[in-house]
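Results of the structural survey
Listed below, chain by chain, are the residues.
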Protein chains: 2
Amino acid sequence: MPITLVGAHVNGKPNYLTVAFCGIVQASPAMIAVTLGKMHHTNEGIRENRCFSVSIPSRHMVEVTDYCGIVSGKRVDKSRVFETFYGKLEKAPMIRDCPVNLECRLADVLDFGGASEVFIGEIVESYAEERYLCNEIPDIEKINPIVFSMYDNNYWGIGERLGKAWCAGKNFGEVNDGKKVENDKPKEDKFHCKCNWKEIGKGV
Amino acid sequence: MPITLVGAHVNGKPNYLTVAFCGIVQASPAMIAVTLGKMHHTNEGIRENRCFSVSIPSRHMVEVTDYCGIVSGKRVDKSRVFETFYGKLEKAPMIRDCPVNLECRLADVLDFGGASEVFIGEIVESYAEERYLCNEIPDIEKINPIVFSMYDNNYWGIGERLGKAWCAGKNFGEVNDGKKVENDKPKEDKFHCKCNWKEIGKGV
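Heads up: these notes are all about the structure in this document. Everything numeric here is computed off the predicted structure, so don't read it as measured data.

Considerations on the overall build of chain A
A tally of regular secondary structure across chain A gives four helices and 14 strands. Put simply, chain A has 204 residues, and 57% of those count as buried. Looking at chain A alone, contacts between residues at least 24 apart form 64% of all its contacts between residues at least 6 apart. Approximately 8600 Å² of chain A is accessible, and the part contributed by carbon and sulfur atoms is 49%.

Given below as structure tokens:
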């Protein structure tokens, strides 16, 4: 699971909660889902303001990220833990230190009959400093996101590159059934990058 | 994003599709979401049989995993690409080679107005060989799952351990506001492991 920080305005102040139950819903319109326990402080803010953010912390932020999952905004003011910035929506606080921030308009709230609820957000805009991009695309090696394994409850970094999608398996078909599989989506390699905060579009 | 293989019976045969838009919906009742383009072969099978599987391939399976994302079951028979096994549901084929397999009953299908649809599955059972477990818990270092970065379209391995959840951030609070944060969930370290396929429960 990916480690994210979900931001919302609660009682007029930014609040951030660590969330691992998070997944891309679809690419277009770009939507993301985050699951939060119903008792969390953040939920009220998302409902009230109909928006939230999903920020991707970098591995050097593992301590502060874990801290946001340990302490509740109900008893600790987390509004100054990070330097906050805003995008198009007024009440979706985002984190200056995070390499990628997604600004979301609340699209739906789902309840599957458990102790948590699922917030579906339409990604209105996404933000990254150019130093985290390569060829205008977020670069996972520069972002250094955190992966979470459950029950043993460990945080992990990203390891080595294993291959290219729509490419690594090309020869598998040839070897296994003599059938040529076309690589219909040739991918460019990474190249030189540039710098500073910019909108990187809805589709990220 | 995590790389998964979604399995379903289509026209009476197992079919497997590579999916990265996948996330945990909630822990209890245990539910998972996978997003599939509406045109995929797999979707018909999930609808017809009201069940599917989510399997976690290991890094040594990157070629065959990519292959399942390149070729469509509409034109290539993928039923023999893997050795299939079944659990409690009759038509949710799972992959013997994958370290973790989740067997899901279809709970809902969501459409947010794009070219894809979201299948919500209630995890009926999960399976792993004991050699992938540690202390009865799936061990990410043994599983060696694959992470996907989008637009640059690369597969990645898991890297080094960065810290323990509900623990790594304990001192952040002390340092930053003088407030002691209790670590209310002490975690055991990993220890000696055992072997062979077993059910590891719904909550994985």
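A short note on the interface of chain B and chain A
Opposite the 71 residues of chain B that make contact, chain A presents 71 residues. Carbon and sulfur atoms supply 65% of the area buried between chain B and chain A, which totals about 6200 Å² over both sides. On the chain B side of the contact with chain A, Phe112(B), Trp156(B) and Leu162(B) bury the most area, a combined 12% of that side's loss. Inspection of the chain B/chain A interface yields two salt bridges. A salt bridge links Arg59(A) to Glu160(B); the nearest nitrogen and oxygen atoms lie 2.5 Å apart. Run the count over chain B and chain A and you get 28 residue pairs in polar contact (both at pLDDT 80 or more). With eleven residues, strand β13 (residues 154-164) of chain B is the largest single contributor of residues to the side of chain B that touches chain A.

Structural notes on the side chain of Glu125(B)
Residues and elements named next belong to chain B. In this fold, Glu 125 is placed in strand β9 (residues 116-128). Relative accessible area serves as the criterion here: at 5%, Glu 125 is assigned to the buried category. Side-chain polar atoms of Glu 125 contact the side chain of Lys 88, separated by 2.9 Å.

Brief notes about the environment of Pro2(A)
Residues and elements named next belong to chain A. Take Pro 2: it is sitting in the segment before β1 (4-10). Expressed as a C-alpha distance, the spacing of Pro 2 and Tyr 132, which sit 130 residues apart in the sequence, is 18 Å. With residues up to four places along the chain from it excluded, the contact list for Pro 2 reads Val 19, Ala 20, Cys 22 and Ile 146.

Observations concerning empty space enclosed by the protein
Applying the stated criterion across every chain yields a total of five cavities of 30 Å³ or more. Estimates place the volume of the second largest cavity at around 160 Å³. For the second largest cavity, the lining is made up of 21 residues, of which Val25(A), Ala33(A), Gly23(B), Val25(B) and Ala33(B) are closest to its centre. Of all elements in the fold, only β3 (22-27), β4 (30-37) and β9 (116-128) of chain A together with β3 (22-27), β4 (30-37) and β9 of chain B reach the threshold of two or more residues within the lining of the second largest cavity. By residue class, the composition of the lining of the second largest cavity is 17 nonpolar, four polar and no charged.

Some details on the relation of the copies chain B and chain A
Mapping chain B onto chain A calls for a screw motion: a turn of 180° about the axis and a shift of 0.0 Å along it, with 0.0 Å RMSD after fitting. Such a combination of turn and shift is consistent with a two-fold rotation axis. Residues of chain B ranked by C-alpha distance from the rotation axis are headed by Gly159(B), positioned 1.8 Å from it. A share of 100% of the interface residues of chain B reappears at the interface of chain A, consistent with the copies meeting face to face through the same patch.

Here's the deal with the pairing of strand β5 (residues 51-56) of chain A
Looking down a regular strand, the side chains alternate between one sheet face and the other. Residue and element names in this part refer to chain A. Counting buried positions over the six residues of β5 gives six, a clear majority of the element. Burial of the side chains of β5 extends over both faces: Cys 51, Ser 53 and Ser 55 are buried on one face and Phe 52, Val 54 and Ile 56 on the other. Bridge count for β1 against β5 is three bridges, and the pairing is antiparallel. Within β5, the position partnered with Gly 7 by the bridge is Ser 53. Examined bridge by bridge, β5 and strand β8 (residues 100-110) share six bridges and lie antiparallel to one another. Note on β8: the bridge partner recorded for Ser 53 is Glu 103.

Points about the nonpolar core
Ile32(B), Val34(B), Ile46(B), Phe52(B) and Val54(B) are the most contacted members of the largest nonpolar core, which has 25 residues in total. If you list the elements that add at least two residues to this core, you get β1 (4-10), β2 (13-19), β3, β4, β5 (51-56), β8 (100-110) and β9 of chain B. Among residues more than four places away in sequence, those in contact with Phe52(B) are Val6(B), Gly7(B), Val34(B), Ile46(B), Ala92(B), Leu102(B), Glu103(B), Cys104(B), Leu106(B), Phe119(B), Ile120(B) and Gly121(B). Of all hydrophobic cores here, the second largest spans 23 residues; its members include Leu17(A), Leu106(A), Ala128(A) and Tyr132(A).

Details of the packing of aromatic side chains
Scanning all chains against the criterion turns up ten aromatic pairs over all chains. Where Phe148(A) meets Trp166(B), the ring centres are 6.3 Å apart and the plane angle is 75°; that geometry is what we call edge-to-face. Of this pair, Phe148(A) sits in strand β12 (residues 147-149) while Trp166(B) sits in the loop between β13 and α4 (170-177), each in a different chain. The structure contains a cluster of three or more aromatic residues connected by ring pairs, namely Phe148(A), Tyr155(A) and Trp166(B).

What counts, and where the lines are drawn
Residues numbered from 1 in each chain as written. Chains lettered and ligands numbered in written order. Predicted model: local features only at pLDDT ≥ 70, side-chain atom pairs only at ≥ 80, totals over all residues. Heavy atoms only, no water. Helix = DSSP H or I, 4+ residues; strand = E, 2+ residues; numbered from the N terminus. Buried < 20%, exposed > 50% of the residue type's maximum accessible area, 1.4 Å probe, protein only. Contact = heavy atoms within 4.5 Å. Areas by Shrake-Rupley, 256 points an atom, 1.4 Å probe, with all protein chains shown as cover. Buried area = accessible area lost by both parts, 1.4 Å probe. Salt bridge = Lys/Arg side-chain N within 4 Å of Asp/Glu carboxyl O. Polar contact = N/O pair within 3.5 Å; in protein donor to acceptor, adjacent residues only side chain to side chain. 1 Å grid on protein atoms, 1.4 Å probe; cavity = no way out; pocket = protein on both sides within 12 Å on 5 of 7 lines; lining within 4 Å. Points joined across faces, edges and corners; volume = space filled by probe spheres on them. Nonpolar A, V, L, I, M, F, W, Y, C, P; charged D, E, K, R; others polar. Least-squares fit on C-alpha atoms with pLDDT ≥ 70 in both. Pairing = 2+ DSSP bridges. Core = buried A, V, L, I, M, F, W, Y, C linked by side-chain atoms within 4.5 Å. Phe/Tyr/Trp six-rings, centres within 6.5 Å; stacked < 30°, edge-to-face > 60°.

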